[in-house]
Amino acid sequence: MARVSRRQALKLLGTGLALSTASCLPGGQQTQAPPTPATPSPSPTATQQYTSVAPPGERRVLSANPPNYESPLHLVKGFLTPIPLHFVRTHDPVPRIRLEEWRLRVEGNAVERPVELTFGDLLKLPSRSVICFIECAGNGRSFFADLLGRPAEGGQWRLGAISVSEYTGVPLAAVLELAGLRPDARDVLIEGLDQLKINRPIPIEKALDPNTILAYAMNGADIPPDHGYPVRAVVPGWIGINSIKWVGRIEVSNQPIKVATNTTSYILDGPDYPDKPPVTTQNVKSAVALPWDATLPAGRHLIRGFAWSGQGRVIKVEYSLDEGKTWTQATIREPVLPLTWVRWEFVWDARPGKYTIRVRATDERGNTQPDTVPWNRLGYLFNAVVPHPVTVT
C-alpha cells in the first residue's frame, strides 16, 4: 500500500482547508457543487447539552432501546432528508455528552505527537460542508428472507436505512495534520464515546479525502444526539458504521488495524465469501417512495423514488410493471451528484389489480442492480431488484 508523507497530506488538504461547500466526491476530486441550502450556521455554547433522544415519529421502529428507526422514504419530499425522518442506527444507548467536557484525542504510532482538542478548538479550524448519503450496511436485509428464502442475522431493514443530509465540520485531514502525520501512516481508527466505544478503521487515503470530515452540524443545525452530538465522522460512500458517532478518539497506525467491526462483524460471511472480507463501499440500489404494500386509486399517478451508489453518480433508472419482462427508463431529476441519491419518477395510468413495481439503477461505473445476490450470514449489501407490492382499487 502506498505511504502518505506529511507533504502529500498538506497537498491533499489544499483547497480543502479553505472554507468550502462541496458534494461528496470520490477520491477527493472536485466538481461543480449545487448551492448550499439556505440554512443557519450552528451556534453551540459552552453550556449546551443534550440528554434525550427524539421520538421515532413516523419512522418504522426496529428497536426502541437502543433506537433503530427506518426512514419513511414516501414522506421525504425533497432532496435532503428532514432530521425527524432521518433513519437512526445505534448499537447501544445514546450517550449524554456535555459540550464543555467533550474532548477529541488524536494518537498512535504514526503521528509525531498526541493532541487533544476541545470543541472550541475544532470550531477554529477551516470548515467544509458535504452533501452525501449515510446508509446502514444492512439496508435491505429483510429481503434475504422475503426474496431469497434464507433469513440473515440482524435488524430486518427494508430500504429505509438511508438518508441524505448536508454535513458541516472539519476535514479529518486537518485534524490529523495537527498531530503531525508520519510518512508510514496506514490506517486511521475512529472511535465513539458510547458505552461500547464503537470503532472502525479506514485507510489513510480515505482519511485524507477532503470530503471525509468530522461533522458538528447537520442540515444547518447542531447534530442531534441520536446522530452523534457533538461530533460525528462522515465517510462518504462507505457503509454507515464508518461514520462513527460521538467521536472521542482517533488512532493513526503504521500497521493494518484489526477490530471487531472489520473482522467478526461488518464482513461478508457466506459460501460465496470464503475469505470473509470486510464491507467497505456501498453498492448501487434504488427504492420506490410508496408505503410498503401500498394501495392507490385507479387513475393517473406520478410514481417517485430514489436511487444511489457509493461508487459514483446514478445515471440511469429503469422500472418494470410486468414482473421484469419489459423495462422503461424513468426520468431522473436534478441534482445528479456522486455519493448522494437521485430522485426519479414516471407516470403510471393504473388500472385496478395487484402489481409489483420493480426498479433498477445503474451508476456511472456501469454497476447495475442484479436480479439476485449471494446470501451472506449477516445480511449486508443486499442490492437486488425488489418487487414493491401495490394494489390499485
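Residues numbered from 1 in each chain as written. Predicted model: local features only at pLDDT ≥ 70, side-chain atom pairs only at ≥ 80, totals over all residues. Heavy atoms only, no water.

Novice: What is the right way to look at the sheet that holds strand 24 (residues 388-392) in this model?
Specialist: Consider a sheet: its strands pair through backbone hydrogen bonds, and that pairing is either parallel or antiparallel. Overall, mixed pairing links the 5 strands, which are arranged 17-24-23-19-20 in an open sheet. Strands with a single pairing partner mark the edges of an open sheet, and in this sheet they are strand 17 (294-296) and strand 20 (328-329). As judged from the 3 bridges shared by strand 17 and strand 24, these two strands associate in the parallel manner. Each bridged residue has a counterpart across the sheet, and for L296 the counterpart in strand 24 is V392. (Pairing = 2+ DSSP bridges. Helix = DSSP H or I, 4+ residues; strand = E, 2+ residues; numbered from the N terminus.)

Novice: What exactly am I supposed to notice about the sheet that holds strand 7 (residues 115-117) here?
Specialist: Pairing is mixed across the open sheet formed by 5 strands, whose spatial order is 7-6-15-10-11. The sheet is open, and its two edges are formed by strand 7 and strand 11 (199-203), each paired on a single side. The mean inter-strand angle of the sheet, taken between neighbouring strand axes irrespective of direction, is 15°. Where strand 10 (residues 187-192) meets strand 15 (residues 247-253), 6 bridges bridge the pair, whose relative direction is antiparallel. Residue pairing across strands places I190 opposite I250, the latter belonging to strand 15. (Axes fitted to C-alpha atoms, helices over the stretch in contact; angles between N-to-C directions.)

Novice: Please explain the pattern of salt bridges as it appears in this structure.
Specialist: Tallied over the full model, the rule gives 19 salt bridges. The partner of D349 in a salt bridge is R300, and the shortest N-O contact between them spans 3.7 Å. Linking D349 in strand 22 (residues 341-350) with R300 in strand 18 (residues 299-308), this pair joins segments that are 49 residues apart in sequence. Of the residues examined, D349 reaches a relative accessible area of 53% and is grouped as exposed. Each of R105, E107, E191, R249 and E251 takes part in a single network of salt bridges with overlapping partners. (Salt bridge = Lys/Arg side-chain N within 4 Å of Asp/Glu carboxyl O. Buried < 20%, exposed > 50% of the residue type's maximum accessible area, 1.4 Å probe, protein only.)

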